[in-house]
Structures are given as C-alpha cells and as structure tokens.
Amino acid sequence: MIDQLFEFVQNHPLLVGAFLLVLTAWIAYEVRGSSKSGVSASEATQLINREDAVVVDIREANEFKAGHIAGARNIPQSKLDNRLSELEKSKNKPIIVACKHGQSSGAAQAKLEKAGFERAFKLKGGMTQWQADGMPVVKK
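Residues numbered from 1 in each chain as written. Predicted model: local features only at pLDDT ≥ 70, side-chain atom pairs only at ≥ 80, totals over all residues. Heavy atoms only, no water.

Student: Explain the nonpolar core to me, and be specific about the residues and the numbers.
Tutor: Val39, Ala44, Leu47, Ile69, Ile96, Leu123 and Trp130 are the most contacted members of the largest nonpolar core, which totals 15 residues. Going through the elements one at a time, α3 (41–51), β4 (95–98), β5 (120–123) and α7 (126–132) are the ones with two or more residues in this core. Looking at this core, the element that brings in the most residues is α3, giving three residues. Setting aside residues no more than four positions away along its own chain, Ile69 makes contact with Ile48, Val55, Leu123, Met127, Trp130 and Val138. Val56, Ile75, Val97 and Ala108 belong to the second largest nonpolar core, which has 14 residues in total. (Core = buried A, V, L, I, M, F, W, Y, C linked by side-chain atoms within 4.5 Å. Buried < 20%, exposed > 50% of the residue type's maximum accessible area, 1.4 Å probe, protein only. Helix = DSSP H or I, 4+ residues; strand = E, 2+ residues; numbered from the N terminus. Contact = heavy atoms within 4.5 Å.)

Student: Let's hear about the sheet that holds strand β2 (residues 54–57): which residues, and what values?
Tutor: Across the sheet, which stays open at both edges, the five strands sit in the order β1-β5-β4-β2-β3 with parallel pairing between neighbours. Strands with a single pairing partner mark the edges of an open sheet, and in this sheet they are β1 (38–39) and β3 (73–74). Where β4 and β5 come together, three bridges link them in parallel fashion. Within the sheet, the bridge partner assigned to Ile95 lies in β5 and is Ala120. (Pairing = 2+ DSSP bridges.)

Student: Could you give me a rundown of the packing of aromatic side chains, with the residues and numbers involved?
Tutor: Overall, the coordinates contain zero aromatic pairs when judged by the stated rule. Between the NZ or CZ atom of Lys91 and the centre of the ring of Phe117, over which it lies, the distance is 5.4 Å. (Phe/Tyr/Trp six-rings, centres within 6.5 Å; stacked < 30°, edge-to-face > 60°. Lys NZ or Arg CZ within 6 Å of the ring centre and 35° of its normal.)

Student: Tell me about the pattern of salt bridges, and name the residues and values.
Tutor: One pass over the full model with this rule turns up seven salt bridges. The closest approach of N and O atoms between Arg119 and Glu51, which form a salt bridge, is 2.7 Å. Placement of Arg119 in the loop between α6 (105–114) and β5 and of Glu51 in helix α3 is noted, with a sequence separation of 68 residues between them. Looking at Arg119, the relative accessible area reads 32%, which means it is partly exposed. With a relative accessible area of 36%, Glu51 lands in the partly exposed category. (Salt bridge = Lys/Arg side-chain N within 4 Å of Asp/Glu carboxyl O.)

Okay, here's the thing in structure tokens:
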C-alpha cells in the first residue's frame, strides 16, 4: 500500500503538489475564519456580564422559543436588514450573533460591521455548542 502511494507521488508530482497547496489554503482559511471575531461560550458570558453585551439570535422564532440565551433578542436573519434600527441604541456595546450551529452568524456579523457596529462577534458553534458546554437556556 505504501509502495503504491510513493509510486503515485513519483508519477504525479504536479497533482500531489496541487493537492497539498489546496489543503494548506483550506486549513489556513478555516483557522483564520474560526478565530476572526468569534467568541466561545465562556467569552460570550464574560462580555454579557462585564460589558452588557447584546445577544442577537438570528434563528427563526420557533427555534428561538425552544431555547435561547437569557436576554437575547430574536431577529431572524431574513429580517435583519429591516430591523437593524432596533439595535441602534446598542451601537457602543458588544453584539454577539448566535445561530443554530455557528455557520450563518458570520454573514449577520458582516452586515452589522458594515452598518457601523464595530464590536460585533459571532458565537462559535452557535446555540448547539452553547448547550453542549452546559450553558443555560431559557424557553419563553
């Protein structure tokens, strides 16, 4: 098996080189993207307690009612553009964007940054990670 791998590498150096280049670029992108303005559950808790951060939950209303961070505002991602004015009073506070798995909160965070919210963060792993970390949720 290993002999076949070495033979393949010797016979196809450009293909192997391209694969390694793409792999390296993908890893760099993932590392940079995951650390960029993302906060863990414990970091989010500190921002909420120490700096009165505002949590914006961008999930749909039924998911929000099933369990959310205490004090979070529910502004579904599809309505974020129209409801940004609701957050104007909080422009000087940190804003933490939470979604289900932490994947769609990056787009909402970018919209907030474009609208002038300089301290917008996404919750790494979303509500799934929040609950996995044993953090409290409220149902209302």
